[in-house]
Amino acid sequence: MNSPAPHVRVIASPQSWVEGEAIRQLEAASRLPGMRSAVGLPDLHPGKGAPVGAAFASEGLFYPFLVGNDIGCGMGLWELELSTRKAKPERWAARLDLEGPWEGDTDAMLASLGVKPCGFEASLGTVGGGNHFAEVQRVDTVHDAKAFNALELDTGRLLLLVHSGSRGLGEAILRAHVDRHGTGGLTEDTDEAKRYLTRHDHAVAWARANRATIATRMMQGLGATGRRVLDVCHNSVTPKDFDGHTCWLHRKGAAPSDQGPVVIPGSRGSLSYLVLPLGDGAAHAHSLAHGAGRKWTRTSARERMRERFTPEALTRTSFKSHVVCEDRDLLFEEAPPAYKAIDRVVGDLVDAGLIRVVATLAPVLTYKTRARRE
């Protein structure tokens, strides 16, 4: 008996530009054995072998390479016990430093969150490279007061958004799989599948602990305390019911739509959106865009931005917010023009009936790295 043709969908309006290579990668993944659904979100863009900003559902087996090397990467949002009026971004930008091992008790931190050590604890509480960040934000506009109040948020308080993952742990897990299987899948209920899932679940929990430790370090630097509002994972594979069939839901740079409110950030020079998922989720693989999505490759961004800006100019944004990034290449690679317009990405999700905007959040200070590339 032939398997049913996979459902392939790209959620993007005609006004949204999606690179052809990203579509090609999405369609290629949809043809993998056992694949039932492949969904590209409005932030869809090419990745290493598989697109980012996508979700996939397979039956009978799953594919670790579709999760990628940063297993557990995601975003956490904290409300700070700190008034917006007391923001000191210039002073904070001068003194915040999250490089190097955290000086706190990593074992105690992990134990408090029910996570076992993994051997990568020297990286616990560090942001990492690429598009990862820790950003102090203020509430810009409340669009849904009821949903905003349900989260017990205060418009007068600052927020902290942390985007990071499992650091070297996820990389080691994927490399071990690829060395043995390449891009091949794992059949469910086999010993190898169970071993991968055990390590995967540990990495997801460790990544959540990493975000909590980053938040702790940031709050220590700001002289504030706070409470976690939400934490969601963007890179994972989990069992999920699809029309009465248990499938494996892979998310590669995709926010969950089945775990309550999420934040969809733009670039460091644009608003972030706190949104509430709508609908049953099956048609879009229970997933949403996880950010703006890259418009330019890193090489292209470096070349274009060097022609237009000095590094110093990129440490301030149109919101008058400050950017801490002492790696010049990364400063150019992550410049706001390198990303798609976040309002268009969010608008596509609204038009598709997938979300309702709760509030917009504006950057005050974005921390990326103190490390300088030699």
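Residues numbered from 1 in each chain as written. Predicted model: local features only at pLDDT ≥ 70, side-chain atom pairs only at ≥ 80, totals over all residues. Heavy atoms only, no water.

Focus: a positive patch on the surface
On the surface, Arg85, Lys86, Lys88, Arg91 and Arg95 cluster together to form a positively charged patch. Inspection of the secondary structure puts Lys88 in the loop between strand S5 (74-83) and helix H3 (89-95). (Patch = residues over 30% accessible without salt bridge, like charges linked within 9 Å, V, L, I, M, F, W, Y side chains within 5 Å. Areas by Shrake-Rupley, 256 points an atom, 1.4 Å probe, with all protein chains shown as cover. Salt bridge = Lys/Arg side-chain N within 4 Å of Asp/Glu carboxyl O. Lys, Arg positive; Asp, Glu negative; His and termini not counted. Charge placed at Lys NZ, Arg CZ, Asp CG, Glu CD. Helix = DSSP H or I, 4+ residues; strand = E, 2+ residues; numbered from the N terminus.)

Considerations on the sheet that holds strand S11 (residues 245-252)
The five strands lie next to each other as S1-S2-S3-S11-S10, forming an open sheet whose pairing is mixed. Edge positions in the open sheet fall to strand S1 (7-10) and strand S10 (235-242), since each of these has one partner strand only. Recorded for the sheet is a direction-independent mean angle of 15° between the axes of neighbouring strands. Across five bridges, strand S3 (residues 52-58) lies against S11 in antiparallel orientation. Paired with Phe56 across the two strands is His250, which belongs to S11. Helix-sheet contacts for helix H1 (residues 20-30) involve S1, strand S2 (35-45) and S3, and the interaxial angle to S2 is about 165°. (Pairing = 2+ DSSP bridges. Axes fitted to C-alpha atoms, helices over the stretch in contact; angles between N-to-C directions. Contact = heavy atoms within 4.5 Å.)

Some details on the packing of helix H6 (residues 168-181) against helix H7 (residues 191-222)
Two numbers describe how H6 lies on H7: the axes approach to 9 Å, and their chain directions differ by 160°. Of the possible angle classes, the one that applies to H6 and H7 is roughly antiparallel. Judged by the twist between their axes, the crossing of H6 over H7 is left-handed. Listed contacts from H7 to Leu169, Ile173, Ala176, Arg180 and His181 of H6 are Glu192, Tyr196, Arg199, His200, Ala203 and Trp206. Looking at the contact of H6 with H7 residue by residue, the class counts come to six nonpolar, two polar and three charged. (Parallel < 35°, antiparallel > 145°, perpendicular 65-115°, else oblique. Left-handed = near helix turned anticlockwise from the far one by under 90°. Nonpolar A, V, L, I, M, F, W, Y, C, P; charged D, E, K, R; others polar.)

A few points about the layout of surface pockets
Empty space among the atoms becomes visible once a probe the size of a water molecule is rolled across them. Taken as a whole, the largest pocket holds about 1,300 Å³ of empty space. If you go around the largest pocket, you meet 46 residues; those closest to its centre are His45, Val52, Gly130, Asn131 and Arg298. Elements represented by at least two residues in the lining of the largest pocket include exactly strand S6 (133-142), H6 and strand S17 (355-369). A per-class count over the lining of the largest pocket returns eleven nonpolar, 22 polar and 13 charged. (1 Å grid on protein atoms, 1.4 Å probe; cavity = no way out; pocket = protein on both sides within 12 Å on 5 of 7 lines; lining within 4 Å. Points joined across faces, edges and corners; volume = space filled by probe spheres on them.)

Some remarks on unusual backbone geometry
Look at Ala285: it is not a glycine, yet its phi comes out positive at around 55°. Mapped onto the secondary structure, Ala285 falls in the loop between strand S14 (272-277) and strand S15 (287-289). In this structure, Lys320 is a non-glycine residue whose phi angle is positive, near 65°. Looking at the element boundaries, Lys320 is found in the loop between helix H8 (298-308) and strand S16 (322-325).

A look at the pattern of salt bridges
Tallying each qualifying case throughout the model produces 23 salt bridges. Between Arg328 and Glu312 there is a salt bridge, and its shortest N-O distance comes to 4.0 Å. Taken together, the residues Arg328 in helix H9 (residues 328-333) and Glu312 in the loop between H8 and S16 connect sequence positions 16 residues apart. Side by side, Arg328 and Glu312 carry an identical accessibility label, which is exposed. (Buried < 20%, exposed > 50% of the residue type's maximum accessible area, 1.4 Å probe, protein only.)

Overview of the side chain of Ser257
Among the structural elements, Ser257 can be located in the loop between strand S12 (254-256) and strand S13 (262-264). A polar contact is formed between the side chain of Ser257 and the backbone nitrogen of Ser287, at a distance of 3.3 Å. (Polar contact = N/O pair within 3.5 Å; in protein donor to acceptor, adjacent residues only side chain to side chain.)

Focus: the environment of Ile355
Mapped onto the elements, Ile355 comes out in strand S17. By relative accessible area, which is 3% here, Ile355 ends up buried. Each C-alpha atom of the pair Ile355 and Leu274 lies 9.9 Å from the other, and the pair is 81 residues apart in sequence. When sequence neighbours within four positions are dropped, the list of residues in contact with Ile355 reads Val275, Leu276, Pro277, Leu278, Leu288, Val346, Leu349 and Val350.

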